[in-house]
Number of protein chains: 2
Amino acid sequence: MEIIFFGTSSGIPTKSRNVSGLAVKRKNAKSWYLVDCGEGTQQQILHTRLSLLKLQAILITHMHGDHCYGLPGLLASAAMAGRSRALTVIGPAAIKDFVTYSLNITNSRLSYEITFIAVENLKNDFELADFKLEVVPLSHRVPCFAYAFLEKYSPSQLDVDKLKAAGIKPGPIWGHLQKGLDTLYEGQILKAHDYQLAPKKRRKIIIAGDNDKPELLADCAKSAEALIHEATYSSDVAAKLGGAYQHSHAKSVAQFAARVGLQNLVLTHFSPRYSDKTSATPSIKTIELEAKSVYQGNLFLARDLEVYYLDGDSALIKQVSSKRRR
Amino acid sequence: MEIIFFGTSSGIPTKSRNVSGLAVKRKNAKSWYLVDCGEGTQQQILHTRLSLLKLQAILITHMHGDHCYGLPGLLASAAMAGRSRALTVIGPAAIKDFVTYSLNITNSRLSYEITFIAVENLKNDFELADFKLEVVPLSHRVPCFAYAFLEKYSPSQLDVDKLKAAGIKPGPIWGHLQKGLDTLYEGQILKAHDYQLAPKKRRKIIIAGDNDKPELLADCAKSAEALIHEATYSSDVAAKLGGAYQHSHAKSVAQFAARVGLQNLVLTHFSPRYSDKTSATPSIKTIELEAKSVYQGNLFLARDLEVYYLDGDSALIKQVSSKRRR
């Protein structure tokens, strides 16, 4: 599984961080899923290898502008790029109204159908093409949701040692056995399941929307490999502001991740007051240090256009990339 | 007068060009005017010295997404940046509906008032703080308008030679005279108008929206120093596409500029098919060569974040800048 961040700033864009949006996909797959679509998301996508023609579904966490104002433009651009395949848009029921209204008032006709699905009515284990979806209601100023992407199946793996011990050399026959096909080999029928390893656990990544109660994700997080969660503030700033904005601070999210034993935690959606220059005060370093002080797992602070993937041991790895836009 | 381009691509953004938006201002002034606001305009503004707190008015040429989808986000960001001063938004009547709907459905409350003015009802010589405004209806798939910015007054200039000949040395007294104040000097009253040069012509720049009939601007252009107009296509591509999109091609705009004797012409809003790499086919060079073949004036093809200003002789100058975003 792979995650690509399009925007990591809260509320308003900065010179180095756009507003919310990220891609979820199977590693090496061309098809992908977009979670949130703040203004400028389509511009960020241009700096990746992702195509609007291969976009499978869009999932919106909540109806705040920094999470959805990029949607009409992205949908119109997909049409101008020649998209004809239907697109699924999942989100609060109002997202359909917003999209329909915006496209109509600007005389935009799409070349493809949109299937809107109201997240409020979505049953758990909804099936996307590549993932099962879990939905968890969160706590924010407006109705807001987390989307957990669960691998639909773990590709079966061959027991290479056993194959070699039996003298079966690499070749097309290995491919057949991996696909689960019993196969004739030197006059003998090889049963596929004899040469397959036990399937690995299907993995799960949670993409949370804005939320001031991380513990709402406790059940869902028990079986998750990674959580991507907002940490808009550090705890001192959160205390000063009071709770009206209903955002999380770094310590509360990290404490939650430690308590449920999450292997990987990515923080994002930072208030623009935190500078990327570590010499500034406050800097993004404040958020990192605070989270590190209570969480010993694999911690990242996301930046725009960074790519992360889960490796074989379900450790989240940040890909080194030369493709930085800003 | 000064122009700053935020986006110069038609319909969809590219890696190097955003969709429509530009700033108009008096040179060296902090207050400014935004014409069109495609998605991502607020992100482009971050790469200039312009502040959303000093924005005087927004003018929308027409209700196509690539000219207005950035408006709700920009207005919300101005509020989050602490704007309290009222803002004027001029455009087709529907722009009020679009903004109101988008802000409401995302629970956005602004910290300042917006005065919406429907361009359909706007009288010519409407006065902005720094400019008089002329409006010209254009020809496009939806109602579309050009906005001409006319300097409100040309600052009076001192007759420096005459001052020097009279032995009046530079000092505060020069400032008084320039402001038109009669002033006591060595026991003698100096009449301000004796030391002022005849006022220069007030200058005019036309910012046209999408338009397939440049000749609609003939009257307005007679007294204009510069025209900024779309040249979405080269003439061969325009011929192939037929007229349904109702855009101009380079030759038609340049021929018009030549016919009315325009001193300065800036082309913009290029179809993404024209590459910025001159080795590609077709490249933006095709548009430039076509325009040059029929127009001998001061010709520019705009690029994102370029800054242009009118010098003393009303020649448009492109400022050399190190501030390029992409």
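Conventions used here
Residues numbered from 1 in each chain as written. Chains lettered and ligands numbered in written order. Predicted model: local features only at pLDDT ≥ 70, side-chain atom pairs only at ≥ 80, totals over all residues. Heavy atoms only, no water. Axes fitted to C-alpha atoms, helices over the stretch in contact; angles between N-to-C directions. Helix = DSSP H or I, 4+ residues; strand = E, 2+ residues; numbered from the N terminus. Parallel < 35°, antiparallel > 145°, perpendicular 65-115°, else oblique. Left-handed = near helix turned anticlockwise from the far one by under 90°. Contact = heavy atoms within 4.5 Å. Nonpolar A, V, L, I, M, F, W, Y, C, P; charged D, E, K, R; others polar. UniProt positions renumbered as here; feature names shortened; annotations may be inferred. Buried < 20%, exposed > 50% of the residue type's maximum accessible area, 1.4 Å probe, protein only. Polar contact = N/O pair within 3.5 Å; in protein donor to acceptor, adjacent residues only side chain to side chain. Domains from an automatic or database assignment. Buried area = accessible area lost by both parts, 1.4 Å probe. Salt bridge = Lys/Arg side-chain N within 4 Å of Asp/Glu carboxyl O. Core = buried A, V, L, I, M, F, W, Y, C linked by side-chain atoms within 4.5 Å. Pairing = 2+ DSSP bridges.

J.: I tried to follow the packing of helix 3 (residues 71-80) of chain B against helix 4 (residues 94-105) of chain B on my own but got confused; where do I start?
T.: Helix packing geometry: the angle between the two helix axes and the distance between the axes. All names here are of chain B. With their axes 9 Å apart at the nearest point, helix 3 and helix 4 run at an angle of 60 degrees to one another. For the element pair helix 3 / helix 4, the angle class is oblique. As for how helix 3 packs across helix 4, the hand of that crossing is right-handed. Contacts between helix 3 and helix 4 involve Leu 71, Pro 72 and Leu 75 from the first element and Ile 95, Phe 98, Val 99, Ser 102 and Leu 103 from the second. Classifying every residue of the contact of helix 3 with helix 4 by side-chain character gives seven nonpolar, one polar and no charged.

J.: Which parts of the structure should I look at to understand the UniProt feature "binding site: Zn(2+) 2" (unreviewed entry) in chain A?
T.: Residue and element names in this part refer to chain A. Per the UniProt record, the feature "binding site: Zn(2+) 2" (unreviewed entry) sits at Asp 66, His 67, Asp 210 and His 269. In summary, the annotated positions, though distributed over 204 residues, converge in three dimensions, the widest C-alpha pair being only 10.9 Å. Tracing the sequence through the fold places Asp 66 in helix 2 (residues 65-68). Residue classification places Asp 66 among the buried positions, given a relative accessible area of 13%. When residues no more than four places from it in sequence are discounted, the contact partners of Asp 66 are Ser 10, Gly 11, Val 19, Ser 20, Gly 38 and His 269. Within the structure, Asp 66 has its side chain in polar contact with the backbone nitrogen of Gly 11 (distance 2.9 Å). Relative to the assigned elements, His 67 resides in helix 2.

J.: What is the right way to look at the domain arrangement of chain A in this model?
T.: One frequently used descriptor of interface size is the decrease in accessible area upon assembly of the parts. When cut into domains, chain A gives domain 1 (2-154 + 200-319) and domain 2 (160-195). For domain 1 of chain A and domain 2 of chain A, the distance between their C-alpha centroids amounts to 42 Å.

J.: Just to check I follow, could you spell out the interface of chain A and chain B for this structure?
T.: The partner chain B presents 39 residues to the 39 residues of chain A that form the contact. Here chain A packs against chain B, burying approximately 3,000 Å² in sum over the two surfaces, 59% of which is carbon and sulfur. Taken together, the connections running from chain A to chain B amount to zero salt bridges. Breaking the side of chain A that touches chain B down by element, the ones donating at least two residues are helix 1 (41-45), helix 2, helix 3 (71-80) and helix 4 (94-105) of chain A.

J.: Teacher, can you tell me more about the nonpolar core here?
T.: One broad rule of soluble globular proteins: the nonpolar side chains tend to lie buried together. Counting residues in each nonpolar core, the largest one holds 62 residues, and the members touching the most others are A:Ile58 and B:Ile58. Non-local contacts of A:Ile58, meaning those with residues more than four positions away in its chain, are made with A:Leu34, A:Leu71, A:Leu74, A:Leu75, A:Leu87, A:Thr88, A:Val89 and A:Ile90.

J.: When you look at the sheet that holds strand 6 (residues 114-118) of chain A in this model, what are you seeing that I'm missing?
T.: Paired through backbone hydrogen bonds, the strands of a sheet run either parallel or antiparallel to each other. All names here are of chain A. Ordered in space as 6-5-4-3-2-1-16-17, the eight strands form an open sheet in which the pairing is mixed. Strand pairing shows two members of the sheet lacking a second neighbour, strand 6 and strand 17 (316-319), which therefore form its edges. Averaged over all pairs of adjacent strands, the angle between strand axes in this sheet comes to 20 degrees, irrespective of strand direction. Where strand 4 (residues 55-59) and strand 5 (residues 87-91) come together, three bridges link them in parallel fashion. Within strand 5, the residue paired with Ala 57 across the bridge is Thr 88.

J.: Is there a simple way to explain the pairing of strand 4 (residues 55-59) of chain B in this structure?
T.: Looking along a regular strand, one sees the side chains alternate between the two faces of the sheet. All names here are of chain B. Most of strand 4 is tucked away: five of the five residues are buried. Note: strand 3 (residues 32-35) against strand 4, four bridges, orientation parallel. Bridge pairing in strand 4 links Trp 32 to Leu 55.

J.: I tried to follow the side chain of A:Glu134 on my own but got confused; where do I start?
T.: Topologically, A:Glu134 is positioned in strand 8 (residues 131-137). Aside from chain neighbours lying at most four places away, what touches A:Glu134 is A:Asn124, A:Asp125, A:Ala146, A:Tyr147, A:Ala148, A:Leu150, A:Lys204 and A:Cys220.

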